[in-house]
Amino acid sequence: MRKTRKTLVVMAASAALAVTLTACGSDDGNSSESSGAAADSASKTEDHNAQDVTFAQGMIPHHKGALEMAEEATEQASSAEVKSLAARIEKAQTAEIATMSGWLKTWGEDVPTSTESMPGMEAMPEMNHGSAAEDFDKAFLAMMIEHHKGAVKMATAEKAKGTYGPATAMADDVIRTQNAEITEMNKLLGKS
């Protein structure tokens, strides 16, 4: 059931992205402008470097790990705030996975399919499913804080060395959003 739901979430995000991209297209019938825009788009996708590939290939499994943790929290957390946070993480990171997967495909690079290669994931402790719901919430928040710190570090490297504009823009967003979520999670843990 979990795999089916994850598949549906990824498919829905991909479909939403396709609809959004289609809606951004020109319908004025001017083919020279359309082909010029297509050429611009094609040249922009080529303006990437090894750091951009490393960012996308590292962030996809990292986000997938966060999705696994967030899914557990939406099912098991006792706090409405933790459940809400987990749902926001799922929504944002599912869309980012779809976007980064698209970049890698366009660049002819491999798209990671699992969390196995995610740095640091193997060192994360297992959530204690037998503990009280409040203990689960605390464990989830503590683990997600560390997980977000890893994403911020990866995004900071992308900002410093990446050349692909959409990737560096996503890195900006990851830094801003995940630092804000770290602050939120610290407050939920009583650490202002």
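Now for a quick tour of the structure. Just so it is clear, the model here is predicted, and its values are computed rather than measured. (Residues numbered from 1 in each chain as written. Predicted model: local features only at pLDDT ≥ 70, side-chain atom pairs only at ≥ 80, totals over all residues. Heavy atoms only, no water.)

### Here's the deal with the overall build of the chain
Link 1 in the chain: Helix and strand counts for the chain stand at 6 helices and 0 strands.
Link 2 in the chain: For the chain, the sequential pattern of α-helices and β-strands runs α-α-α-α-α-α.
Link 3 in the chain: Across the 192 residues of the chain, 35% fall into the buried class.
Link 4 in the chain: Sequence-distant contacts, at least 24 apart, represent 79% of the contacts inside the chain between residues at least 6 apart. (Helix = DSSP H or I, 4+ residues; strand = E, 2+ residues; numbered from the N terminus. Buried < 20%, exposed > 50% of the residue type's maximum accessible area, 1.4 Å probe, protein only. Contact = heavy atoms within 4.5 Å.)

### As for the nonpolar core
Looking at soluble globular proteins, one finds that nonpolar side chains tend to be buried together.
Link 1 in the chain: Among the nonpolar cores identified, the biggest contains 18 residues, and Phe 55, Met 100 and Trp 103 are the most heavily contacted of them.
Link 2 in the chain: Elements with a contribution of two residues or more to this core: helix H3 (50-76), helix H4 (80-107), helix H5 (133-161) and helix H6 (165-188).
Link 3 in the chain: In terms of residue count, H3 provides more of this core than any other element does, 6 residues in total.
Link 4 in the chain: Residues within four places of Trp 103 in sequence aside, it is in contact with Phe 55, Ala 56, Tyr 164, Pro 166, Ala 167 and Met 170.
Link 5 in the chain: Met 69, Val 82, Phe 136 and Ile 182 belong to the second-largest nonpolar core, a separate cluster that totals 17 residues. (Core = buried A, V, L, I, M, F, W, Y, C linked by side-chain atoms within 4.5 Å.)

### Describing the environment of Met 170
Link 1 in the chain: One can find Met 170 in helix H6.
Link 2 in the chain: C-alpha separation for the pair Met 170 and Glu 158, spaced 12 residues apart in sequence, amounts to 9.3 Å.
Link 3 in the chain: Ignoring anything within four residues of it in the chain, the contact list for Met 170 reads Phe 55, Glu 96, Thr 99, Met 100 and Trp 103.

### Some remarks on the environment of Glu 146
Link 1 in the chain: Along the chain, Glu 146 turns up in helix H5.
Link 2 in the chain: Given the relative accessible area of 49%, Glu 146 is considered partly exposed.
Link 3 in the chain: Considering only alpha carbons, one finds Glu 146 and Ile 182, 36 residues apart in sequence, at a separation of 8.7 Å.

### Remarks on H4
Link 1 in the chain: Across its 28 residues, H4 extends 41 Å between first and last C-alpha, which sits within 8% of the 40 Å expected from 1.5 Å per residue.
Link 2 in the chain: Note on H4: the residue one or two positions beyond its end, Gly 108, has a positive phi of about 75°. (Expected span 1.5 Å × (residues − 1).)

### Side note on the packing of H4 against H6
Link 1 in the chain: The N-to-C vectors of H4 and H6 enclose an angle of 165°; their axes lie 12 Å apart at closest approach. Classified by the angle between their axes, H4 and H6 sit roughly antiparallel to one another. Note on packing geometry: the crossing formed by H4 with H6 is left-handed. Here Glu 81, Val 82, Leu 85, Arg 88, Ile 89, Gln 93, Glu 96, Thr 99, Met 100 and Trp 103 of H4 lie close against H6, whose contacting residues are Pro 166, Ala 167, Met 170, Asp 173, Val 174, Gln 178, Glu 181, Glu 184, Met 185 and Leu 188. (Axes fitted to C-alpha atoms, helices over the stretch in contact; angles between N-to-C directions. Parallel < 35°, antiparallel > 145°, perpendicular 65-115°, else oblique. Left-handed = near helix turned anticlockwise from the far one by under 90°.)

### Some points on the environment of Ala 155
Link 1 in the chain: With respect to the helices and strands, Ala 155 occurs in helix H5.
Link 2 in the chain: Separated by 19 residues in sequence, Ala 155 and Val 174 have C-alpha atoms that sit 6.6 Å apart.
Link 3 in the chain: Apart from residues lying up to four places away in sequence, Ala 155 is in contact with Phe 55, Met 59, Ala 171, Val 174 and Ile 175.

### Some points on the packing of H3 against H6
To characterise two packed helices, one gives the angle between the axes of the helices and the distance between these axes.
Link 1 in the chain: Orientation of H3 relative to H6, taken along the N-to-C sense of each, is 40°, at an axis distance of 11 Å. In terms of axis orientation, H3 runs oblique to H6. In this structure, the crossing between H3 and H6 has a hand that is left-handed. Contacts from Asp 52, Phe 55, Met 59 and His 63 of H3 reach H6 at Ala 167, Met 170, Ala 171, Val 174 and Gln 178.
Link 2 in the chain: For the contact of H3 with H6, the per-class residue count stands at 6 nonpolar, 2 polar and 1 charged. (Nonpolar A, V, L, I, M, F, W, Y, C, P; charged D, E, K, R; others polar.)

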